[in-house]
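What follows is each chain in one-letter form.
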Amino acid sequence: MMTSIDMRDPLLVAESWMSEGRDVAIATVMETWGSAPRPVGSHLVIDADGNFEGSVSGGCVEGAVITEAIEVIAEGEPRMLEFGVADETAWRVGLSCGGKIRVYVERLG
Amino acid sequence: MDPHSLKKLNKARSSRQAAILVTDLAEGRDRVVLEGDEVAGALGEEVSSRFLSGKSGLVDCDGRSFFLNVHLPPPRIVIIGAVHISQALYPMAQMTDFDVTIIDPRSAFATAERFGGVNLIADWPQDVLPLKPLDRYTALVAVTHDPKIDDPGVEAALKAGCFYVGALGSRKTHAKRVQRLTEAGFGEVDIARISAPIGLEIGAATPAEIAVAVLADIILAYRKRALDRSGASR
């Protein structure tokens, strides 16, 4: 039986979305530098309509990851994304905590 | 991610089995390694050390880049005995990220007033434990001083392969316990796994100090625990 906490577990959500026939992408924090709000291994799962569950940051870069994930679902090739103060997109989707993270986005299946 | 990997990983996680999702970043392929599975070479060594540390991360092995996402069952401590030592032990254990359950059939001891904010079960270990089985990622601490309450907990812990089994009592008390366990059919190797007198030797005297000694002993056992090489759950 699923508890309410299980319902928010990204990998369980991904499996249940998959069983419903939805296209799913999984984003994973693979590396962090400095202060990063979510540890290495954290997941955000996204479907083709932009529905998501989980997090890879404190909410700072999720929007950008979702956009990339929808493209990854369409194209199939995984992507490695980097976010942080050193990134040229810092002003748009930087991490306000001053950290840097690398996020891997891949399609499920 | 391969859908089969996701299913296998979720199944391992829900059954409290340690697993690592290994992703080959060059090829974008992944597989699930369960604790006890053989993995050859440098990657195998990396996998073993990460089953112990629980840390996920990128690694380079033999010129290839891998991401290892480590999923260990959250470690638990089951304390048999709602006693003074337990009152000091459970907040410290929670602070160090252990999930704590306290079991004691004596309802005068097991009161919510003495044990706020922790899972407290006023029932016999032999009745409770079958419902919430012990496992290799659980430590069992028996501190009631009463064999008819402590022993069923200790026996269940030895059978389940708990990473730590500690029992309160002097050497004399423990010698009697060893005798009872031997009569119950436990072998020397199993019995030797019991930490008794309980806790690291730090000269602990007060209940709180004994709790520190017990928690330190548990952490030591957890970080140095033997990995399951059998490939089968015990």
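Residues numbered from 1 in each chain as written. Chains lettered and ligands numbered in written order. Predicted model: local features only at pLDDT ≥ 70, side-chain atom pairs only at ≥ 80, totals over all residues. Heavy atoms only, no water.

Chain B appears in an unreviewed UniProt entry as XdhC family protein from Peteryoungia desertarenae.

Named according to an unreviewed UniProt entry, chain A is XdhC family protein originating from Peteryoungia desertarenae.

A. Fine view of the UniProt feature "domain: XdhC Rossmann" (unreviewed entry) in chain B. Within this numbering scheme, the UniProt entry marks residues 77-218 of chain B as carrying the feature "domain: XdhC Rossmann" (unreviewed entry). Across residues 77-218 of chain B, the secondary structure splits into 42% helix and 16% strand, with the terminal C-alpha atoms separated by 9 Å. (UniProt positions renumbered as here; feature names shortened; annotations may be inferred. Helix = DSSP H or I, 4+ residues; strand = E, 2+ residues; numbered from the N terminus.)

B. Local environment of the interface of chain A and chain B. Every contact between the two is made by 21 residues of chain A and, on the other side, 18 residues of chain B. One can count 1 salt bridge joining chain A with chain B. A salt bridge links B:Arg13 to A:Asp9; its shortest N-O distance comes to 2.3 Å. At the surface where chain A touches chain B, the tally comes to 8 residue pairs in polar contact (both at pLDDT 80 or more). Contributions of two or more residues to the side of chain A that touches chain B are made by helix H1 (10-19), strand S1 (24-33) and strand S5 (100-107) of chain A. When its residues are assigned to classes, the side of chain A that touches chain B shows 11 nonpolar, 4 polar and 6 charged. (Contact = heavy atoms within 4.5 Å. Salt bridge = Lys/Arg side-chain N within 4 Å of Asp/Glu carboxyl O. Polar contact = N/O pair within 3.5 Å; in protein donor to acceptor, adjacent residues only side chain to side chain. Nonpolar A, V, L, I, M, F, W, Y, C, P; charged D, E, K, R; others polar.)

C. Here's a closer look at the packing of H1(A) against helix H1 (residues 3-14) of chain B. Remark: H1(A) packs on H1(B), axes separated minimally by 10 Å, with the N-to-C direction vectors making an angle of 130°. In terms of axis orientation, H1(A) runs oblique to H1(B). For the pair H1(A) and H1(B), the sense of crossing is left-handed. Note on element contacts: H1(B) touches H1(A) through B:Pro3, B:Leu6, B:Lys7, B:Leu9, B:Asn10 and B:Arg13, opposite A:Leu11, A:Leu12, A:Ala14, A:Glu15 and A:Met18. In terms of residue class, the contact of H1(A) with H1(B) is made up of 7 nonpolar, 1 polar and 3 charged. (Axes fitted to C-alpha atoms, helices over the stretch in contact; angles between N-to-C directions. Parallel < 35°, antiparallel > 145°, perpendicular 65-115°, else oblique. Left-handed = near helix turned anticlockwise from the far one by under 90°.)

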